[in-house]
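Geometric and topological summary
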Amino acid sequence: MSHASMPGVSSPQIGRETTRATRQNAALQTKEPAVCPTDDEAQVPRKPAKNKRSLDYVWRSGVAGGLAGCAAKTVVAPLDRVKILFQSHNPQFIKYTGSWRGVLEAMKAIYRQDGPTGLFRGHSATLLRIFPYAAIKFLAYEQIRAVVIPTKEHETPFRRLISGSLAGVTSVFFTYPLEVMRVRLAFETKKDSRSSLRSICKQIYNEQPKPRAVTGAVGETLPVVPPRHGLTNFYRGFSPTLLGMLPYAGMSFLTHDTVGDILRHPKLAKWTTLPQPDNAPAGKAVPLRSWAELFAGGVAGLVSQTASYPLEVIRRRMQVGGAVGDGHRLRIGETAGIIMRERGLRGFFVGLTIGYAKVVPMVAASFYTYERLKTWFGI
């Protein structure tokens with residue numbers, strides 16, 4: 001029986017149904033399969049973009065950043081101990097500076113004197129400092145970036161640099177006293193005079209140089225008010241830290257994001273990226289493979305360390321100013337002059353080799369852990 005002879009069905013209606021069925025079949029035949037499951041938006045609906053100012057985003061990004069910082073610092077803790085001893089010109093370790101062999105010999109000397117725990121001297125203070133430091137840094141970067149770079153059209157290298165620099169300054173302001181305590185613990189090398197965290201705090205707080213006198217214009221001796229002490233002692237070396245943090249944090253975030261963009265280029269994405277996770281919010285860049293993420297972080301560490309290292313050396317010398325000499329509070333220019341007289345320009349790059357060996361894997365591990373935790377948290 002033909003369709004035309006079926007009772008209750010008109011010819012125009014049959015024609016419309018036939019046309020609709022033909023179009024559906026053609027669409028199914030011509031539709032290209034997705035390259036990967038995440039390319040088919042109909043199969044994997046995307047979550048809406050996260051509000052970066054929401055409490056949920058804030059705590060997730062903060063925890064991710066703090067854990068990333070702790071993981072990175074634990075990886076390089078032994079090298080960090082040796083680097084501080086080199087930078088601060090510790091009398092017992094001057095002979096080891098200048099070569100990789102010296103680094104190994106210094107680590108052996110620490111191991112012989114204090115055992116394995118000696119290589120992690122001051123690490124507890126490091127973790128106490130690094131968790132809030134890294135949490136604030138990554139959290140501040142996300143928040144500042146959202147303001148400075150509200151849309152893709154506003155994303156420029158300069159805006160990325162400013163966002164990273166301001167994030168670094170914000171984090172160091174709140175956590176700098178813990179950094180001073182960590183350096184002072186790591187600076188100690190005498191086995192019979194180990195200080196606890198509490199005793200180091202009291203020692204730093206009470207440090208005060210002996211009052212000195214100067215001769216007036218007519219020969220009389222005038223009393224000199226000693227430099228400030230107390231809480232201000234916990235901010236020894238703060239000025240060069242701020243100056244050093246501007247290029248360090250700025251170049252770190254800028255380089256990481258720029259290298260990440262290059263690795264996500266369509267010509268490289270096949271080898272460098274992973275499929276977008278199902279829980280990824282809209283607009284989030286596809287994650288990099290492990291080796292690519294570590295590479296981006298390593299390059300960021302190399303560039304940022306080179307840009308900020310001279311100021312880091314000055315900062316270390318200022319931080320241990322109360323542990324050597326008469327406790328005189330050194331200024332940036334005064335500290336730089338001392339370093340120049342001791343070793344010339346090379347003095348500003350003492351320990352740079354070990355600095356590379358420490359910072360490159362540390363920054364790589366930090367960014368890798370942070371990005372993976374962000375993916376796990378769905379932000």
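Residues numbered from 1 in each chain as written. Predicted model: local features only at pLDDT ≥ 70, side-chain atom pairs only at ≥ 80, totals over all residues. Heavy atoms only, no water.

Counting across every chain of the model gives 13 salt bridges. Two residues, D80 and K358, come together in a salt bridge whose shortest N-O distance is 2.9 Å. Taken as a pair, D80 in helix α3 (residues 77-87) and K358 in helix α12 (residues 352-377) lie far apart in primary sequence, 278 residues in all. As far as the burial class goes, D80 and K358 line up, both buried. One salt bridge connects E155 with R145, and the closest N-O pair in it is separated by 2.4 Å. Here E155 is found in the loop between α5 (123-148) and α6 (157-187), whereas its partner R145 is found in helix α5, with ten residues between them in sequence. Residue E155 shares its accessibility class with R145, and that shared class is buried. (Salt bridge = Lys/Arg side-chain N within 4 Å of Asp/Glu carboxyl O. Helix = DSSP H or I, 4+ residues; strand = E, 2+ residues; numbered from the N terminus. Buried < 20%, exposed > 50% of the residue type's maximum accessible area, 1.4 Å probe, protein only.)

Taken as a whole and judged by the stated rule, the model has three cavities of 30 Å³ or more. Computed from the structure, the largest cavity encloses a volume of approximately 520 Å³. K73, Y133, M245, Y248 and M362 are, among the 33 residues lining the largest cavity, the residues nearest its centre. With eight residues, helix α8 (residues 238-263) is the largest single contributor of residues to the lining of the largest cavity. Its residues assigned to classes, the lining of the largest cavity shows 16 nonpolar, eight polar and nine charged. (1 Å grid on protein atoms, 1.4 Å probe; cavity = no way out; pocket = protein on both sides within 12 Å on 5 of 7 lines; lining within 4 Å. Points joined across faces, edges and corners; volume = space filled by probe spheres on them. Nonpolar A, V, L, I, M, F, W, Y, C, P; charged D, E, K, R; others polar.)

UniProt records the feature "transmembrane region" (unreviewed entry) for residues 348-370 in the present numbering. The annotated region residues 348-370 carries 83% helix and 0% strand content, and the separation between its end C-alpha atoms amounts to 31 Å. (UniProt positions renumbered as here; feature names shortened; annotations may be inferred.)

Taken as a whole and assessed by the stated rule, the structure comprises twelve aromatic pairs. Both rings, one in W59 and one in F377, keep their centres 5.9 Å apart while their planes meet at 55°; by these two values the pair is tilted. You can see W59 sitting in helix α2 (residues 55-75) and its partner F377 sitting in helix α12, a full 318 residues away along the chain. A residue is classified by how much of its surface remains accessible, and F377, at 13% relative accessible area, is buried. Taking the centre distance of 5.7 Å and the plane angle of 90° together, the rings of F253 and F367 count as edge-to-face. Residue F253 is located in helix α8, and its partner F367 is located in helix α12; the two are separated by 114 residues in the primary sequence. Neither F253 nor F367 differs from the other in exposure class; each is buried. Linked through ring pairs, F138, Y141, F253, F367 and Y370 together constitute an aromatic cluster. (Phe/Tyr/Trp six-rings, centres within 6.5 Å; stacked < 30°, edge-to-face > 60°.)

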